[in-house]
Amino acid sequence: MSFLSRDAQPSRVLVLNGNPARDALCGAMAEKIADEARRRGQTVRLVHLEDLDFDANLKQGYRARMEWEPDIKAFADSLTWCDRLVIVHPLWWGSAPAQLKGLLDRVLVPGFGFQYIEGKAFPKPLLAGRKARVVITSDTPTFFLKWFYGNGWVKVLRRQILGFCGFKDLKVKYFSPVRGAKPEALAQMVEDAAGILG
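In this text, all values refer to a predicted model and were calculated from it rather than measured experimentally.

(A) Structural context of the pairing of strand β3 (residues 84-90). Burial within β3 is extensive, with seven of its seven residues counted as buried. Side chains Arg84, Val86, Val88 and Pro90 of β3 all project onto a buried face; the interleaved residues Leu85, Ile87 and His89 project onto the opposite face, where all are buried too. Summarising the sheet, strand β1 (residues 12-17) and β3 pair through five bridges and their orientation is parallel. The residue of β3 that forms the bridge with asparagine 17 is valine 88. Pairing geometry for β3 and strand β6 (residues 131-137), over seven bridges, is parallel. Within β6, the residue paired with arginine 84 across the bridge is lysine 131.

In structure tokens:
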């Protein structure tokens, strides 16, 4: 069964370009994925990180609630709305860009992403019933990323962020190396990115 299955009601797909620079490779990939999802009859919301105005620093942790800026609230609404999330981002220092990580910090807070339950060791996920896909671009060759570095960021995403909040069936597609790639190779990466939809 494909990621965008032919249900009675079209899937609601949220595509997030997690590169702070909208006009980079990830932006083109996110646009391509959104276009392909629409072509398949899905309802799509496309969000570019660069367009969001918010404080990425969760200053008080969970000790005090930071009020959501309008763009954070809109993104939270889109997370609630979607049944499919696709994140496209570059790998920086083995992880996500700080602004993308800050977006996740700000929105996936207790009461929205998960809920603490008194007497229980693990919180209750509040975004269950949704699936996730991630497209990662990197200068590090994929085999090196997986077998030498241990693919730490994907493990965190799968187990401690998206999975923790209830997202299931996380699949990842890698594109590397980007640095030094010829224009035709980069163009092919953009075309191939839509393959994350299944």
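So that's the structure; there's more coming.
(B) Summary view of the packing of helix α2 (residues 70-81) against helix α3 (residues 98-107). Put simply, α2 and α3 touch, their axes get as near as 10 Å, and they point 75° apart. Judged by the inter-axis angle, α2 sits roughly perpendicular to α3. Each of Ile72, Phe75, Ala76 and Leu79 in α2 lies in contact with α3, whose residues at this interface are Leu103, Arg106 and Val107. Here the residues of the contact of α2 with α3 are counted per class, giving six nonpolar, no polar and one charged.

(C) Structural detail: the packing of aromatic side chains. Summed over the entire model, instances satisfying the criterion amount to eight aromatic pairs. With centroids separated by 5.3 Å and ring planes inclined at 85°, the aromatic side chains of phenylalanine 114 and tyrosine 116 adopt a geometry described as edge-to-face. With a relative accessible area of 4%, phenylalanine 114 lands in the buried category. Taking the ring centre of tryptophan 81 as reference, the NZ or CZ of arginine 45 above it sits at 4.1 Å. Cation over ring: arginine 65 sits above tryptophan 68, and NZ or CZ is 5.0 Å from the ring centre.

(D) Region of the structure containing unusual backbone geometry. Backbone torsion omega between serine 176 and proline 177 reads -10°, so that peptide bond is classified as cis. With respect to the secondary-structure elements, proline 177 resides in the loop between β7 (168-175) and α6 (183-193). One non-glycine residue, tryptophan 93, lies in positive phi territory at about 50°. Notably, aspartate 169 is not glycine yet its phi reads approximately 55°, a positive angle. With respect to the element layout, aspartate 169 can be found in strand β7.

(E) Highlighting the sheet that holds β3. An order of β2-β1-β3-β6-β7 is seen for the five strands of this open sheet, with the pairing classed as parallel. Edge positions in the sheet fall to β2 (43-48) and β7, since each has one partner strand and no second. Strand-to-strand twist of the sheet, defined as the mean angle between neighbouring strand axes without regard to direction, takes the value 15°. Direction of pairing for β1 relative to β2: parallel, over a ladder of six bridges. Residue pairing for β2: valine 13 is matched across the bridge by valine 44.

How each quantity is defined
Residues numbered from 1 in each chain as written. Predicted model: local features only at pLDDT ≥ 70, side-chain atom pairs only at ≥ 80, totals over all residues. Heavy atoms only, no water. Buried < 20%, exposed > 50% of the residue type's maximum accessible area, 1.4 Å probe, protein only. Helix = DSSP H or I, 4+ residues; strand = E, 2+ residues; numbered from the N terminus. Pairing = 2+ DSSP bridges. Axes fitted to C-alpha atoms, helices over the stretch in contact; angles between N-to-C directions. Parallel < 35°, antiparallel > 145°, perpendicular 65-115°, else oblique. Contact = heavy atoms within 4.5 Å. Nonpolar A, V, L, I, M, F, W, Y, C, P; charged D, E, K, R; others polar. Phe/Tyr/Trp six-rings, centres within 6.5 Å; stacked < 30°, edge-to-face > 60°. Lys NZ or Arg CZ within 6 Å of the ring centre and 35° of its normal.

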